[in-house]
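Observations on the three-dimensional arrangement
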Amino acid sequence: IRQYAATQPEWTLVLHDTDGFKARAMTSMRGAGLISDVTTVELAKTLQTRSQPVGNVSSVVAGLTLPCVCVDHHQVGRLAFQHLWDRGFRRFGFVGHPRHHYSTEREKGFRAALAEMDLSPECYYDRSRYSYRHRGRLLMVRAALQRWLYSLAKPVGIFACHDVWAVHLIGSCRLIGILVPEDVAILGVDNDDLLCNLARPTLSSVLVPVEQIGYEAAALLDRLLKRGKTSRQPQLIPPMGVVARQSTDILAGGDPDVTAA
């Protein structure tokens, strides 16, 4: 966003936390427009009542009419499958949230790629009503998740809908004595450097083009400010690949002595 704003000398950027964001905040800021991470229905309703143009960079809430720029979630799912398939896995799992749009779309892409091989994943869904910001709370110690991990035929490659839950999966495996990546390989999304490298073993992750999304979102807002309208279809940016780390550093089904070494 900053890079695009540098090309617009009349722009001034103001940061505002969306927690508790109310319509009067837009009035007090007197902003010409807004780029927002819309993660709740309440925030979406607040923004849709305003006359200022809004660009959305989130895919948590489905069915919004706000102009949006985001990663192509179907391609994220397909890329995750290909990474695990290339490492020799023929059993697959998915961990996600049934009410978060980005999660369901990534699962659809993952399932579509599996279906082409006449396969389907074993799935674990977090059905709690925690907010998006608390989506990883205590996941690793949940007995239901641990039972699910125990029940999986192994070796298995698991795709988690984002890095937070992928890190919790690694922690849960450590707690119950499942080896990562020998028994369970785990792949996340977002390539959050801090999370991925704090995990033990370190976490492989699909790389989301966040800088390009920010730049295109600023360009979208510029078009809205100048022309007052744009396409209602989300602008989808393809993922940039997979950053492979230790959590998928295995060749499933290979010689056991080589794997042990």
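Coordinates for the structure precede this section.
Because the structure is predicted, anything quoted here is derived from the model rather than measured.

Turning our eyes to something else, we now look at the overall build of the chain. Helix and strand counts for the chain come out as 10 helices and 10 strands. Sorting the 261 residues of the chain into buried and exposed places 48% on the buried side. Accessible surface computed for the chain: about 13,400 Å², of which carbon and sulfur atoms make up 52%.

Let's shift gears to the sheet that holds strand β8 (residues 204-206). Spatially, 6 strands are ordered β5-β4-β6-β7-β8-β10 in an open sheet, and the strand pairing comes out mixed. Of all the strands in the sheet, just β5 (122-125) and β10 (242-243) have a single pairing partner and so form its edges. Examined bridge by bridge, strand β4 (residues 92-96) and β5 share 4 bridges and lie parallel to one another. If you follow F94 over to β5, its bridge partner there is C123. Against the sheet, helix α4 (residues 73-86) makes contact with β4, β6 (156-160), β7 (184-189), β8 and β10, and its axis sits at roughly 155° relative to β6, the strand it touches most. Docked against the sheet, helix α6 (residues 143-151) engages β4, β5 and β6, running at close to 175° with respect to β5.

Let's shift gears to the pattern of salt bridges. One pass over the full model with this rule turns up 6 salt bridges. Put simply, E107 and R111 hold a salt bridge, and the shortest N to O gap is 2.8 Å. Separated by 4 residues within a single helix, E107 and R111 lie in helix α5 (residues 101-115), roughly one turn from each other. A salt bridge links D193 to R245; the nearest nitrogen and oxygen atoms lie 3.6 Å apart. With D193 in helix α8 (residues 193-198) and R245 in the loop between β10 and α10 (256-260), the pair connects residues that are 52 residues apart, well separated along the chain.

The next point concerns the pairing of β4. Most of β4 sits out of view: 5 of its 5 residues are buried. Side chains of β4 alternate between two faces, with F92, F94 and G96 and G93 and V95 buried alike. Assessed by its sense of winding, the connection that carries the chain from β4 through α5 to β5 is right-handed.

Before going further, it helps to examine the nonpolar core. If you look at the biggest cluster of nonpolar residues, it comprises 54 residues, and the most contacted ones within it are F110, L149, I158 and I186. Those residues in contact with L149, other than ones at most four positions away along the chain, are K154, I158, L169, S172, C173, I176 and I178. With 7 residues, the next largest nonpolar core counts L34, V38, A44 and V54 among its residues.

Excluding glycine, most residues fall at negative phi; most peptide bonds, likewise, are trans. The linkage connecting K154 with the following residue, P155, adopts the cis geometry, with an omega of 5°. As for its position among the elements, P155 is in the loop between α6 and β6. A cis amide bond links R200 to the next residue, P201, at an omega of 0°. Mapped onto the elements of the fold, P201 is located in the loop between α8 and β8. One non-glycine residue with positive phi stands out, namely D118, at about 60°. With respect to the helices and strands, the residue D118 is situated in the loop between α5 and β5.

The end-to-end C-alpha distance of α5 is 21 Å, a good match for the 21 Å that 15 residues give at a rise of 1.5 Å each. Residues of α5 that are buried sit in contact with β3 (69-71), α4, β4, β5, β6 and β7.

What counts, and at which threshold
- Residues numbered from 1 in each chain as written.
- Predicted model: local features only at pLDDT ≥ 70, side-chain atom pairs only at ≥ 80, totals over all residues.
- Heavy atoms only, no water.
- Helix = DSSP H or I, 4+ residues; strand = E, 2+ residues; numbered from the N terminus.
- Buried < 20%, exposed > 50% of the residue type's maximum accessible area, 1.4 Å probe, protein only.
- Areas by Shrake-Rupley, 256 points an atom, 1.4 Å probe, with all protein chains shown as cover.
- Pairing = 2+ DSSP bridges.
- Contact = heavy atoms within 4.5 Å.
- Axes fitted to C-alpha atoms, helices over the stretch in contact; angles between N-to-C directions.
- Salt bridge = Lys/Arg side-chain N within 4 Å of Asp/Glu carboxyl O.
- Right-handed = clockwise from strand over helix to strand, strands pointing away.
- Core = buried A, V, L, I, M, F, W, Y, C linked by side-chain atoms within 4.5 Å.
- Expected span 1.5 Å × (residues − 1).

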